[in-house]
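Chain by chain, the residues:
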Amino acid sequence: MTVLLFFVLFYIFFMTVDIISAIEFDKTGDHQATGDRGGRVVLFERTDVKERGGNRRDLEMMDYPIRHPEFRYKTEFQSHDPEFDYLKSLEIEEKINKIRWCQTANGALFLLSTNDKTIKFWKFDHLKSLEIEEKINNFVINFER
């Protein structure tokens, strides 16, 4: 009985962090970001665009059926960590509630991720294969519900 209880508790605390809680495609449909309950953000890049040529709008105008889009893993990072709000005596979980792509500039991709308290702004250099170039400092916004 105790072994079964151990496995149930293990699953609840460690396996549920891998459940996707947010997903967002960029404006072009070439990049996808997913956030999970563990505070991680995973980025994917569309691979079938280069083979067919053209953007999503051109592909939608074609008369013949097209295979489903294919994405490949690019990178992942820890966006949010668990926090404790001492004023309200609340634990803030690291779960990603929302992801939004922002307008691109100079070949870089910008992404917003949020949990229950904090919004974080991320910048990725597209020319460096979407590796995390920097987290823009001092652009963390705390908000109250």
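Structure first, text after, so check above.
First, a word on what this report is: a plain description of the structure on this page.

Calculation rules
- Residues numbered from 1 in each chain as written.
- Predicted model: local features only at pLDDT ≥ 70, side-chain atom pairs only at ≥ 80, totals over all residues.
- Heavy atoms only, no water.
- Phe/Tyr/Trp six-rings, centres within 6.5 Å; stacked < 30°, edge-to-face > 60°.
- Helix = DSSP H or I, 4+ residues; strand = E, 2+ residues; numbered from the N terminus.
- Buried < 20%, exposed > 50% of the residue type's maximum accessible area, 1.4 Å probe, protein only.
- Pairing = 2+ DSSP bridges.
- Axes fitted to C-alpha atoms, helices over the stretch in contact; angles between N-to-C directions.

What the rule picks out here adds up to 6 aromatic pairs. With a centroid separation of 4.5 Å and an interplanar angle of 50°, the aromatic rings of Phe 77 and Trp 122 are classed as tilted. Highlighted residues: Phe 77 in strand β4 (residues 71–78) and Trp 122 in strand β9 (residues 118–125), separated in sequence by 45 residues. Like Trp 122, Phe 77 is buried. Seen from their ring centres, Phe 77 and Phe 124 are 5.6 Å apart, and the 45° between their planes marks the pair as tilted. One end of the pair, Phe 77, is in strand β4; the other, Phe 124, is in strand β9, and 47 residues separate them in sequence. With relative accessibility at 0%, the residue Phe 124 sits in the buried group. Taken together, Phe 77, Trp 122 and Phe 124 form an aromatic cluster joined through their ring pairs.

Reading across from one edge, β1-β2-β3-β4 is the order of the 4 strands in this open sheet, with antiparallel pairing throughout. Sheet topology places β1 (20–25) and β4 at the edges, where each strand pairs with a single neighbour. Averaged over all adjacent pairs, the angle separating strand axes in this sheet is 20°, with direction ignored. Examined bridge by bridge, β1 and strand β2 (residues 31–36) share 5 bridges and lie antiparallel to one another. Following the sheet pairing, Glu 24 is matched in β2 by Ala 33.

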